[in-house]
Amino acid sequence: MKLARAIHFDESDMNVFHSPARTGEWCISGGFEFSNWSEADLEGKARQAFANGWLGLETFGRVTFVAVTQVEPAEVERLAEALAEHFVQFYGAPSVEAAMGVARDEIAQMADLCDEHAPNTLLTVARDLTEAGVRESFRVIEPQEAEIDLLAVHATPDS
């Protein structure tokens, strides 16, 4: 099974999101957070989180890029439990047990998105607010293979 981890290429996420995700944490779309938002909610850093932020499953912060990678089944269950606890604490779910099905579904949706992509494939999310609700679209950035000469540092004993 594959999921995606937060990745940072620079410090920009630290400046554009209220709460940035930590590099390496597992992520899902997290579009549910915006299900009852209106145009009035889309200002400043909240707009940035809505427009293109993935949701980290440890800090529940946002990140612009995620990278596809393998995940172990035991880790998936731990992530589902953390997300279910988040649903109880922040969204009023009656119990972790009651929220587990929705948490597993959210993670399964992310796994479906990642499944067809090679490891290290980058993904971005873009959201629009429509009359029917939040519409998400995804962009895929395939990993680039580099020539060994581009990566290797060639040195001689006298250099």
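The structure under discussion appears in the preceding block.
Residues numbered from 1 in each chain as written. Predicted model: local features only at pLDDT ≥ 70, side-chain atom pairs only at ≥ 80, totals over all residues. Heavy atoms only, no water.

K.L.:
How should the overall build of the chain be read in this particular structure?
P.N.:
What the chain contains, in helices and strands, is 5 helices and 7 strands. In the chain, the order of α-helices and β-strands from amino to carboxyl end is β-α-β-α-β-β-β-α-α-β-β-α. For the C-alpha atoms alone, the extent of the chain along its principal axes is close to 70 × 35 × 25 Å. Counting all 159 residues of the chain, 38% fall into the buried class. Surface summary for the chain: the accessible area is close to 9300 Å², and the carbon and sulfur share equals 51%. (Helix = DSSP H or I, 4+ residues; strand = E, 2+ residues; numbered from the N terminus. Buried < 20%, exposed > 50% of the residue type's maximum accessible area, 1.4 Å probe, protein only. Areas by Shrake-Rupley, 256 points an atom, 1.4 Å probe, with all protein chains shown as cover.)

K.L.:
When you look at the sheet that holds strand β3 (residues 54–56) in this model, what are you seeing that I'm missing?
P.N.:
The strands that make up a sheet pair up through hydrogen bonds in the backbone, lying either parallel or antiparallel. Across the sheet, 7 strands lie side by side as β4-β3-β2-β1-β5-β6-β7; this open sheet has antiparallel pairing. Strands with a single pairing partner mark the edges of an open sheet, and in this sheet they are β4 (62–63) and β7 (133–141). Two elements, strand β1 (residues 2–7) and strand β5 (residues 65–70), share 6 bridges in a ladder whose sense is antiparallel. Bridge assignment links A6 to a residue of β5, and that residue is V66. (Pairing = 2+ DSSP bridges.)

K.L.:
Which parts of the structure should I look at to understand the pattern of salt bridges?
P.N.:
Opposite charge on two side chains lets them pair, provided their charged atoms get close. Counted under the stated rule, the structure contains 7 salt bridges. In this structure, R22 and E58 form a salt bridge, with 2.3 Å as the shortest nitrogen-oxygen distance. Placement of the pair is R22 in the loop between α1 (12–16) and β2 (26–28) and E58 in the loop between β3 and β4, with a sequence separation of 36 residues. For R22, a relative accessible area of 41% corresponds to the partly exposed category. E77 serves as the salt-bridge partner of R104, at 2.6 Å between the closest nitrogen and oxygen. You can see R104 sitting in helix α4 (residues 96–115) and its partner E77 sitting in helix α3 (residues 73–91), a full 27 residues away along the chain. Its relative accessible area of 41% is what places R104 among the partly exposed residues. (Salt bridge = Lys/Arg side-chain N within 4 Å of Asp/Glu carboxyl O.)

K.L.:
What should I look at first to understand the packing of aromatic side chains in this one?
P.N.:
For any pair of aromatic rings, geometry is given as the distance between the ring centres together with the angle between the planes. What the rule picks out here adds up to 8 aromatic pairs. Relative to F87, the ring of F32 lies with its centre 5.1 Å away and its plane at 80 degrees, an arrangement referred to as edge-to-face. Here the residue F32 occupies a position in the loop between β2 and α2 (44–52), and F87 occupies one in helix α3, the gap between them amounting to 55 residues. Residue classification places F87 among the buried positions, given a relative accessible area of 7%. (Phe/Tyr/Trp six-rings, centres within 6.5 Å; stacked < 30°, edge-to-face > 60°.)

K.L.:
Sorry if this is basic, but what is going on with the state of the cysteines here?
P.N.:
Note on terminology: a disulfide is the covalent bond linking the sulfur atoms of two cysteines. Inspection of the entire model under this criterion finds 0 disulfides. With no disulfide of its own, C27 lies 9.7 Å from the sulfur of C114, the closest cysteine sulfur. Residue classification places C27 among the buried residues on the basis of a relative accessible area of 1%. Judged by its relative accessible area of 0%, C114 falls in the buried class. (Disulfide = S-S within 2.5 Å.)

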